[in-house]
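A closer look at the structure
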Amino acid sequence: MTKTYVALLRGINVSGHRKVPMAELRKLLEELGHTDVRTYLQSGNAVFTTDSGAGEDELRGSLEDAIEERFGFRVDCLVRDADYLVAVADACPFPAAELEGKQLHAIYYSEVADPERFASIDREAHLPEDFALGDRVLYLYTPEGLGKSRLGEAVSRPSVVKGLVATGRNWNTVVKLIEMARGD
């Protein structure tokens with residue numbers, strides 16, 4: 001059975017470092033046997049289909065290995081099926097339709113993040129910014145954008161995310177990846 005997945009690469013093409021051209025990423029995914037490969041932006045977002053029967057972790061591992069072999073450096077990746085992305089969007093506790101894309105972010109995690117990780121963060125001190133945990137995701141509301149967000153810094157401190165692979169996308173990208181996965 002053919003299934004659609006989204007690959008989220010972490011920390012590539014930033015300030016000219018760890019360059020992974022999107023055309024090369026598409027080619028690499030095709031060489032791994034995936035089909036209908038498309039990329040979005042230059043920040044490591046790819047949508048693809050596969051009938052391999054492999055799960056998210058197996059697909060992630062093969063992609064990370066292939067990137068390291070091709071480009072000479074390891075890139076943390078998350079691979080999620082299209083249904084997961086839709087479920088994340090549907091479960092968003094913030095009024096996504098009323099916000100600008102830069103005000104809302106989904107920070108995807110490699111596994112479920114225990115709420116205790118975030119217990120030391122004084123949420124009141126960061127208002128009106130706020131966050132909520134979901135299924136392997138943190139929803140981050142930053143009314144002035146992520147660039148000015150003190151809460152964004154707090155939820156991404158190494159002591160908070162230790163042991164997790166985390167990669168964030170603004171809400172515009174979340175919506176676009178869902179559209180691409182649905183074939184819109």
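One structure accompanies this document, and this report is about it. (Residues numbered from 1 in each chain as written. Predicted model: local features only at pLDDT ≥ 70, side-chain atom pairs only at ≥ 80, totals over all residues. Heavy atoms only, no water.)

**As for the pattern of salt bridges**
All told, the structure shown has 12 salt bridges when counted by the stated rule. Between E64 and R60 there is a salt bridge, and its shortest N-O distance comes to 3.0 Å. Of this pair, E64 and R60 both sit in helix 2 (residues 56-71), 4 residues apart, which is roughly one turn of that helix. (Salt bridge = Lys/Arg side-chain N within 4 Å of Asp/Glu carboxyl O. Helix = DSSP H or I, 4+ residues; strand = E, 2+ residues; numbered from the N terminus.)

**Description of the nonpolar core**
Counting residues in each nonpolar core, the largest one holds 26 residues, and the members touching the most others are F94, Y108 and Y139. Contributions of two or more residues to this core are made by strand 1 (3-9), helix 3 (82-90), strand 5 (104-109), strand 7 (137-141) and helix 7 (171-182). Looking at this core element by element, the count peaks at 6 residues for helix 7. Setting aside residues no more than four positions away along its own chain, Y139 makes contact with V88, A91, C92, P93, F94, H105, D130, F131, A132, L133, G134 and W171. The next biggest cluster of nonpolar side chains, apart from the first, holds 21 residues, and it includes Y5, L25, L28 and F71. (Core = buried A, V, L, I, M, F, W, Y, C linked by side-chain atoms within 4.5 Å. Buried < 20%, exposed > 50% of the residue type's maximum accessible area, 1.4 Å probe, protein only. Contact = heavy atoms within 4.5 Å.)

**Brief notes about the environment of S149**
Positionally, S149 belongs in the loop between strand 7 and helix 5 (150-155). Between the C-alpha atom of S149 and that of H126, which follows or precedes it by 23 residues, the distance is 8.7 Å. Side chain to side chain, S149 and E129 meet in a polar contact 3.1 Å long. (Polar contact = N/O pair within 3.5 Å; in protein donor to acceptor, adjacent residues only side chain to side chain.)

**Things to note about the sheet that holds strand 2 (residues 35-40)**
With respect to topology, 4 strands assemble into an open sheet ordered 2-3-1-4, the strand pairing being antiparallel. Of all the strands in the sheet, the pair left with one neighbour each is strand 2 and strand 4 (77-81). With strand direction ignored, the average angle separating the axes of adjacent strands in the sheet is 20°. Direction of pairing for strand 1 relative to strand 4: antiparallel, over a ladder of 5 bridges. Opposite Y5, over in strand 4, you have D81 as the bridge partner. Each of strand 1 and strand 4 touches helix 3; the most contacted strand, strand 4, lies at about 85° to it. Relative to the sheet, helix 7 contacts strand 1, strand 2 and strand 3 (45-50), its axis offset from that of strand 2 by approximately 160°. (Pairing = 2+ DSSP bridges. Axes fitted to C-alpha atoms, helices over the stretch in contact; angles between N-to-C directions.)

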